[in-house]
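Residue-level structure breakdown
Residue-level listing of the chains:
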Amino acid sequence: MTDATKLERWVLVGTSTARDGATAVQEALAGILGKGEPKLTILFASPAYDLGELAPLVKGAIGSSELIGCSTAGELIRHQALSGGLLIWALGGDGFAVTTAHGLGNTEAGLRDAAHEAAGCLRQLQRKEHTILFLLADGLCGDQMEVVRGAYDVAGAGVPLIGGCAADDMALKGTQQIHGTEVLSNAVVAAAITSNAPMAIGIAHGWLPLTEPMLVTESKGTNLFSLDDRPALDVYLDAHDAPPEARTDSKAFFEFAHTRPIGVGRRNRIEIRYVYGADFVKRSLVIFAEVPEGGMAYLMKGSSGSVLEATSEVCSLAEQALDGHPARAFMLLECVARKSLLSNAGVLDQSLTLPNVGPEIPVGGFYTYGEIARTEGSGGLHNQTIVALALA
Amino acid sequence: MSSAPWSLHLLSEVLAAFTVEKPTALRDVISRVAEAVDAEVAAILGPEQVLLSLGVTEEEQQLLLQSATGRPALLQLAAGQLHTHWAPLHNNELLVVGRIRENYTLEERALLRAMGRSIKLSTQVLEAVQAEKSAKEEALREATHDYLTGLPNRRLVMQRLAEMLRSPPDPEVHRLAVLFIDLDRFKQINDAHGHSTGDQYLLSVSRILRELVSTRDLVGRLAGDEFIVITYSRGSAGVENLAARILGAIDRPLQIGSRHLQYSASIGLAVADPQDSPETLIDNADLAMYRAKELGRGRYACFDRSLRERAQNRADTERELRLALERGEIVAHFQPIISLRLGRVVGFEALARWRHPVRGLLPPGAFLTVAEEAGLIGEIDAVVLRNACRTAALWRDPATGLPPRLSINVSARGLADPSLADRVQRLLVETALNSSHLYLEITETTLVEEVAEAYDNINRLKALGVRLAIDDFGTGYSSLRYLKRFPVGVIKIDRSFVDGLGEDPEDEVIVETVIRMAKFLGIEVVAEGVETLQQASILGSLGCDFLQGYLYGRPEDAERSEQLLHEPLLNLPAREEDQPSPNKLMR
């Protein structure tokens, strides 16, 4: 009898920062294609490229295997954060099987139905012992909690969710998602990955509560109106002792809030929510995803040290969940706001040394507008967090 | 992280989930509940089925259903052991939340229990509030919207028009305009195809109007087949363009069920003046719409002040006409009809005249249109019929010793009056007039338009022996079918054909054809509008039976008319041998 975990599985990562799309694709695939045809190829690319040009090039090179991807706010590999480049993350071997799908969002239902449709690829998957659903969503399209909800509707408790929200280098104008040769927006693309060996998720953020928990007394969608019956914006500005310009100027507020998230209290954790705007008239905060009314919320603070520590521990957390199997590769999905904080503190390169990961292990990922990781409960949308997927 | 007790917030977040704006959006609600209590599974179970679930496969749903006891349970799912807790909802439904691997703490269980009672209460309150809100919204909608088309009704139109007049978006540039749309001959759709088809047609028109206007315009249904469009325009050209597009769209064949119906509309346009009230503006558009109808339907007309004056005059005339009927100012005058064969006066056509106390004797053209619109035409018909019969019954034709034959006009409305046959019968009895000497004159159009209502009357008149005369023959729909279908005793050739005799060969051919056809069918022919001896001679040579016109006498009062029976007749054409019609049919 064959040990199923010994069926071939491989993961390879290639990158390029060549300006020319064709050259970049060729460079990134150079070390991958020699291994054989991948089962799944994931393309993370700067919006500086024409993704409509890149997708057919990659698809043409990988043959019939599945391709998904998205635009980013930067790509990351061990020791290096790329800017304006592209990264190709590929897995293959008989130990893996993959199906993919996508769904398009609409203004009424947001991305929930899109995620539901994309997660439908699970139904076509011939499942092996371990299965996850990998999601890439438009990061600028409504409440990202809806992506998790829509995917969970299909995946249920038995399938962990992981993924990221596509970005656009902080232009905040529009992101793109790739499925096959199609370049989409306002969409969710998904890959159902099944393996004969474990796959596990690690989550860390390094943010700490600045305040005692507060009751969310009014919120709706991505608008947080009041905390403890006080206008949320005033609570936020006062607690963080915001400078005058952040109290009146939208751009100054955005810069200020970039590294001061909100925490949503859960049973045994705090989920982070990115504050990316303020309504100075209604005195409310605009949050990347819902802060549920009736729940408890924290104002969060972070230091370069605590955030750095989260980066180094996230791979360990993921690997520890592999039931004793060694990790053969990692994918990292890290919030672009963490990158800013680490970069401003001059420790961005240090954060990517990943001391707990062996030098032979492939690592690659991208800087996101939101991270998806559900391993317990039914929620799983994070901001300003780093999420790691470890594959045994 | 603070050590604030998690579970104390649980109840608050769960209840908040149940007070979202759409409590019926249960998929959102159970997602939020699951997230709030950090559960992998949430579901709402009915007595025998899973209504909604999250986090479980279809097989696992059955497991949930089987364990729906209302007590905490431990279930084995593929993802691990599920610790469940239940909360009763209304209608014997249960909310279940389940956490994999880790059980609820004592404190959580206490709060989940309280949650059950609170959710039930919240749901009931929400349902009651929602029902009340829905009832109020429905009542308001019913009060302000047309039930059939869903368009704003008159009440809401007037309200919105008042608001739009008060605060135009850009008064320097745009002016408010009203288009009053009335469907032409809509009654025919209901009569011919039934009210259901009529309703479908109205719905189609409402859709057309909605599609043609811009989003800030208002479309409403005032009543029946009357629609309104309120729009803003830089000038009258824009409004006229919109009216033309509406007319074009309505005038196309509309598919209603298996039928294609093609009817036109008439539109009145009125542009608001600063001092106009909503009522004035609608009235102005209404007047313009009537003007469009007068001009021939299927078109639009713009309001101007002269229409208001005309309307005022019409209102004055109507008021006076009502008084005239009360005071007996409507009288019958008589125009002689002569027999070419006998060379003498053999009958009269009775015509309505208004003996106006100030304006003198008025011909029908001065008041019949107003009488039609005011619904007085039936009464006028009845007065003339009664007066003429009573008068003529007293006259004697010296050649026969009997009363002369009598023709009386009956309007479309009069012919549809269910009491007509009874009244005629009573008059025949009262006056001892021979029914075969009484002819009721109707137009071809009357037969075509009102056939449904008039059919019964015509049959009853036929049974009395009264005959129909078709007035203005050749100018209406000329459906020969009606000549066979109804007891037509006389065709009256319209004066427009008689005018051309001796000058226009085509008219002569037409007249000859009509006479030949009438003789073949055994119908007598009266030529109207005979003014010259030449016309009389040609008509005689063509075989016409009777002549009527100024050549032989204008309509006169009863006294003068009776004298004509006793006076020798001048201006008779040279006689030809009378040839009886070979196929004359008795009717």
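**Side note on the overall build of chain B**
Tallying secondary structure elements over chain B gives 20 helices and 21 strands in all. Residues classed as buried in chain B amount to 49% of the 587 residues present. Looking at chain B alone, contacts between residues at least 24 apart form 63% of all its contacts between residues at least 6 apart. Summed over all atoms, the accessible surface of chain B reaches about 28,500 Å², with 50% contributed by carbon and sulfur.

**Points about unusual backbone geometry**
Here the phi dihedral of Leu172(A) falls at roughly 55°; this positive angle occurs in a residue that is not glycine. Structurally, the position occupied by Leu172(A) is in the loop between β9 (161–166) and β10 (177–179). Phi is positive for Arg101(B), which is not a glycine, with a value near 70°. If you trace the backbone, Arg101(B) turns up in the loop between β5 (94–100) and α4 (106–144). Using a relative accessible area of 56% as the deciding quantity, one classes Arg101(B) as exposed.

**Structural notes on the confidence of the model for chain B**
Residue and element names in this part refer to chain B. Summary statistics for chain B give a mean pLDDT of 86 and a share of 92% for residues scoring 70 or more. In this model residues 578–587 is a low-confidence stretch, pLDDT under 50, and it forms 14 contacts with partners more than four residues away in sequence or in other chains. Scoring of the predicted complex yields 0.58 for pTM and 0.86 for ipTM.

**Details of the pattern of salt bridges**
This model, assessed by the stated rule, comprises 45 salt bridges over all chains. For Arg27(B), the salt bridge is made with Asp113(A), and the minimal N-O distance between the two is 3.0 Å. Pair noted here: Arg27(B) is in helix α2 (residues 26–36) and Asp113(A) is in helix α3 (residues 112–119), and the two residues belong to different chains. A residue is classified by how much of its surface remains accessible, and Arg27(B), at 32% relative accessible area, is partly exposed. Salt-bridge contacts for Glu290(A) lead to Arg32(B); the nearest nitrogen and oxygen are separated by 2.5 Å. Here the residue Glu290(A) occupies a position in the loop between β21 (284–287) and β22 (296–301), and Arg32(B) occupies one in helix α2, the pair thus bridging two chains. For Arg32(B), a relative accessible area of 21% gives the class partly exposed. Residues participating in the shared-partner salt-bridge network are Arg267(A), Arg269(A), Glu271(A), Arg273(A), Glu376(A), Asp38(B) and Glu102(B).

**As for the interface of chain A and chain B**
At the interface, 33 residues of chain A touch 27 residues of chain B. Both sides of the chain A and chain B interface together cover about 2,600 Å² of buried area, and 48% of this is carbon and sulfur. At the junction of chain A with chain B, the criterion picks out 8 salt bridges. Where Asp28(B) meets Arg112(A), a salt bridge forms, and the shortest distance between an N and an O atom there is 3.0 Å. Linking chain A to chain B there are 14 residue pairs in polar contact (both at pLDDT 80 or more). Of all the elements in the fold, those that place two or more residues in the side of chain A that touches chain B are α3, α4 (145–155), β15 (214–220), β18 (262–266), β19 (269–273) and β22 of chain A.

**Observations concerning the nonpolar core**
Of all hydrophobic cores here, the largest spans 111 residues; its most connected members are Leu133(A), Leu161(A), Val188(A), Phe330(A), Leu332(A), Val14(B) and Leu95(B). In terms of residue count, α4(A) provides more of this core than any other element does, 7 residues in total. Excluding residues within four positions of it along the chain, Val188(A) makes contact with Ala101(A), His102(A), Gly103(A), Leu111(A), Ala114(A), Ala115(A), Ala118(A), Leu135(A), Leu136(A), Ala137(A) and Val147(A). In this structure, Trp354(B), Leu440(B), Phe473(B) and Tyr482(B) belong to the second largest nonpolar core, which totals 76 residues.

**Focus: the packing of aromatic side chains**
Counted by the stated rule, this structure contains 12 aromatic pairs over all chains. An angle of 85° between the planes, with centres 6.3 Å apart, marks the rings of Phe334(B) and Phe348(B) as edge-to-face. Here the residue Phe334(B) occupies a position in strand β13 (residues 330–339), and Phe348(B) occupies one in strand β14 (residues 344–356), the gap between them amounting to 14 residues. Residue classification places Phe334(B) among the buried residues on the basis of a relative accessible area of 1%. Arranged with centres 5.2 Å apart and planes meeting at 70°, the rings of Phe348(B) and Trp395(B) form a pair that is edge-to-face. Of this pair, Phe348(B) sits in strand β14 while Trp395(B) sits in the loop between α12 (377–392) and β16 (405–409), and the two are 47 residues apart along the sequence. Here Phe348(B) falls in the buried class, since its relative accessible area comes to 1%. Given a relative accessible area of 3%, Trp395(B) falls into the buried group. Put simply, the rings of Tyr236(A), Phe253(A) and Phe280(A) touch in pairs and so form one group of aromatic residues. Sitting above the plane of the Phe546(B) ring, Arg405(B) keeps its charged end 4.3 Å from the centroid. Across from the ring centre of Tyr550(B), 4.0 Å away, lies the NZ or CZ of Arg554(B), which sits over that ring.

**Quick word on the side chain of His102(A)**
Residue and element names in this part refer to chain A. Tracing the backbone through its elements, the reader meets His-102 in strand β7 (residues 96–104). Here His-179 takes part through its side chain, which lies 2.9 Å from a polar atom of the side chain of His-102. Look past the residues within four positions of His-102 in its chain and what remains in contact with it is Glu-117, Ala-118, His-179, Glu-182, Leu-184, Val-188 and Val-189.

**Here's the deal with the sheet that holds strand β3 (residues 73–77) of chain B**
Residues and elements named next belong to chain B. Read from one edge to the other, the open sheet built from 5 strands follows the order β2-β1-β5-β4-β3, with strand pairing classed as antiparallel. Looking at the sheet topology across the chains shown, the edges are occupied by β2 (50–54) and β3. Strand after strand, the sheet turns through a mean of 25° between neighbouring axes, direction not considered. Sheet topology places strand β1 (residues 41–45) next to β2; 4 bridges connect them, and they run antiparallel. Of the residues in β2, the one forming a bridge with Ala-43 is Ser-53.

**Concerning the pairing of β14(B)**
Residues and elements named next belong to chain B. With 11 of its 13 residues buried, β14 lies for the most part within the structure. Where β13 meets β14, 10 bridges bridge the pair, whose relative direction is antiparallel. From the neighbouring strand, His-333 faces β14, where its bridge partner is Leu-351. Between β13 and β14, which pair antiparallel one after the other, the connecting turn spans 4 residues, and Gly-343 there sits at a positive phi close to 70°. Strand direction decides the pairing type here: β14 and strand β15 (residues 360–362), joined by 3 bridges, are antiparallel. Note on β15: the bridge partner recorded for Arg-355 is Leu-361. Between β14 and β15, which follow one another and run antiparallel, lie 3 residues.

Rules used throughout
- Residues numbered from 1 in each chain as written.
- Chains lettered and ligands numbered in written order.
- Predicted model: local features only at pLDDT ≥ 70, side-chain atom pairs only at ≥ 80, totals over all residues.
- Heavy atoms only, no water.
- Helix = DSSP H or I, 4+ residues; strand = E, 2+ residues; numbered from the N terminus.
- Buried < 20%, exposed > 50% of the residue type's maximum accessible area, 1.4 Å probe, protein only.
- Contact = heavy atoms within 4.5 Å.
- Areas by Shrake-Rupley, 256 points an atom, 1.4 Å probe, with all protein chains shown as cover.
- pLDDT = per-residue confidence, 0-100.
- Salt bridge = Lys/Arg side-chain N within 4 Å of Asp/Glu carboxyl O.
- Buried area = accessible area lost by both parts, 1.4 Å probe.
- Polar contact = N/O pair within 3.5 Å; in protein donor to acceptor, adjacent residues only side chain to side chain.
- Core = buried A, V, L, I, M, F, W, Y, C linked by side-chain atoms within 4.5 Å.
- Phe/Tyr/Trp six-rings, centres within 6.5 Å; stacked < 30°, edge-to-face > 60°.
- Lys NZ or Arg CZ within 6 Å of the ring centre and 35° of its normal.
- Pairing = 2+ DSSP bridges.
- Axes fitted to C-alpha atoms, helices over the stretch in contact; angles between N-to-C directions.

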